[in-house]
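Analysis of the macromolecular model
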Amino acid sequence: GVFDNLARMFVGATGVPKGIKDTVKSAKELADQIVELRNEVILAEADQRLLQFTFQRQAEIQRQVRDDISLTIDERIEANNKLGDILNDQLEQERIALNKRKLLAELELSTDEENVQLRANLTNALADLADLEERITGQQSEQLINLKALEQERFERRKANTEELKTLKHRELDVEKNYTQSLID
């Protein structure tokens, strides 16, 4: 009768209430996502450490070229520009790993918003992103300051060369004038 009709409305074909069945399915999908993302984060963090050292080495090589006064200004500026590209790539690549970690922390926190450890994990992920931004921004600032210094050095050299040419031209004119005067005398 009425009881059977109500039961059919709330129970799926397997006899498990439909709402519970959907909740379990959603919980399993969420758990699978979390496990998959945890594994991605583990690998991404390992890659990030390796990338960081690789980028730091590449950046240091460009700094050495940039600071080598035996090279031309153009070569040094080119090295400084390459340094800027390396820093931009480093920021982008490291940010990918840290964003995965942040996403994992957000996903885990969504399962238990009162869990202090999960809240701390999210805060730490955000702090690591902020640390990355600060570290690379500081290096980019140093790179830009050096670019301005190199451009100033190029300007000063060109100015000195121009002054030198003017002095040589004046000497040449003086020699010609003296020679012409000696012919007249």
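Residues numbered from 1 in each chain as written. Predicted model: local features only at pLDDT ≥ 70, side-chain atom pairs only at ≥ 80, totals over all residues. Heavy atoms only, no water.

**Describing the overall build of the chain**
The criterion, for reference: Starting at the N terminus, helices and strands are each numbered in turn, a helix being any DSSP run of H or I of at least four residues and a strand any DSSP run of E of at least two. When a residue's accessible area, from a 1.4 Å probe over protein chains only, is under 20% of the maximum for its type it is buried; when over 50% it is exposed; and in between it is partly exposed. Here, two residues are considered to be in contact whenever any of their heavy atoms come within 4.5 Å of each other.
A tally of regular secondary structure across the chain gives 4 helices and 0 strands. Ordering the α and β elements of the chain from the N terminus gives α-α-α-α. Evaluated residue by residue, the chain yields a buried proportion of 22% over its 185 residues. Put simply, 71% of the contacts in the chain that link residues at least 6 apart link residues at least 24 apart.

**Considerations on the pattern of salt bridges**
What counts is decided by this rule: Here, a salt bridge means any side-chain nitrogen of Lys or Arg that lies within 4 Å of a carboxyl oxygen of Asp or Glu.
Counting across every chain of the model gives 17 salt bridges. Salt bridges sharing common partners tie together E60, R63, R66, D67 and E142.

**Re the nonpolar core**
One recurring pattern in soluble globular proteins: nonpolar side chains tend to sit buried together. To keep it simple, the criterion reads: Here, nonpolar core refers to any group of buried Ala, Val, Leu, Ile, Met, Phe, Trp, Tyr and Cys residues whose side-chain atoms link them within 4.5 Å.
Counting residues in each nonpolar core, the largest one holds 10 residues, listed as F55, A59, L83, I86, L87, L91, L98, L129, L132 and I136. Those elements giving two or more residues to this core turn out to be α2 (18-66), α3 (73-111) and α4 (116-184). For this core, the leading source of residues is α3, giving 5 residues. Among all residues touching I86, those that are not within four sequence positions of it are F55, Q58, A59 and Q62.

**Description of the confidence of the model for the chain**
What counts, and what does not: Per-residue confidence from the predictor is given as pLDDT, running between 0 and 100.
Across the chain, the average pLDDT comes to 87, with 87% of residues at or above 70. By mean pLDDT, the top-scoring element of the chain is α3 (95), and the lowest-scoring one is helix α1 (residues 2-10) (48).

**Structural notes on the packing of α3 against α4**
Test applied: In this analysis, axes come from line fits to C-alpha atoms, helices being fitted only over the stretch in contact, and the angle between any two N-to-C directions falls in the range 0 to 180 degrees. To sort the angles, those under 35 degrees are grouped as roughly parallel, those over 145 as roughly antiparallel, those from 65 to 115 as roughly perpendicular, and the leftovers as oblique. Note on residue categories: nonpolar means Ala, Val, Leu, Ile, Met, Phe, Trp, Tyr, Cys or Pro, charged means Asp, Glu, Lys or Arg, and polar means any other residue, Gly included.
Running from N to C, α3 and α4 cross one another at 170 degrees; their axes reach a closest spacing of 9 Å. Looking at the two axes, α3 sits roughly antiparallel to α4. In terms of residue class, the contact of α3 with α4 is made up of 17 nonpolar, 13 polar and 17 charged.

**Let's talk about the side chain of R135**
For clarity, the cut-off: Two N or O atoms form a polar contact when they lie within 3.5 Å of each other; inside protein one atom must be a possible hydrogen donor and the other a possible acceptor, and for residues adjacent in sequence the pair counts only when both atoms belong to side chains.
Looking at the secondary structure, you find R135 in helix α4. Only 2.7 Å separates the side chain of R135 from the side chain of E94, close enough to count as a polar contact. Not counting the four nearest positions on each side in its chain, R135 is found in contact with Q52, Q90 and E94.

**Brief notes about α4**
Note the threshold: Each helix should span, by expectation, one fewer than its residue count multiplied by 1.5 Å.
Across its 69 residues, α4 extends 101 Å between first and last C-alpha, which sits within 8% of the 102 Å expected from 1.5 Å per residue. Listing the buried residues of α4 in full gives L118, L122, A125, L129, L132, R135, I136, Q139, Q140, Q143, L147 and L150. Where α4 begins, the capping side chain belongs to N115, and its oxygen is found 2.9 Å from the backbone nitrogen of Q117.

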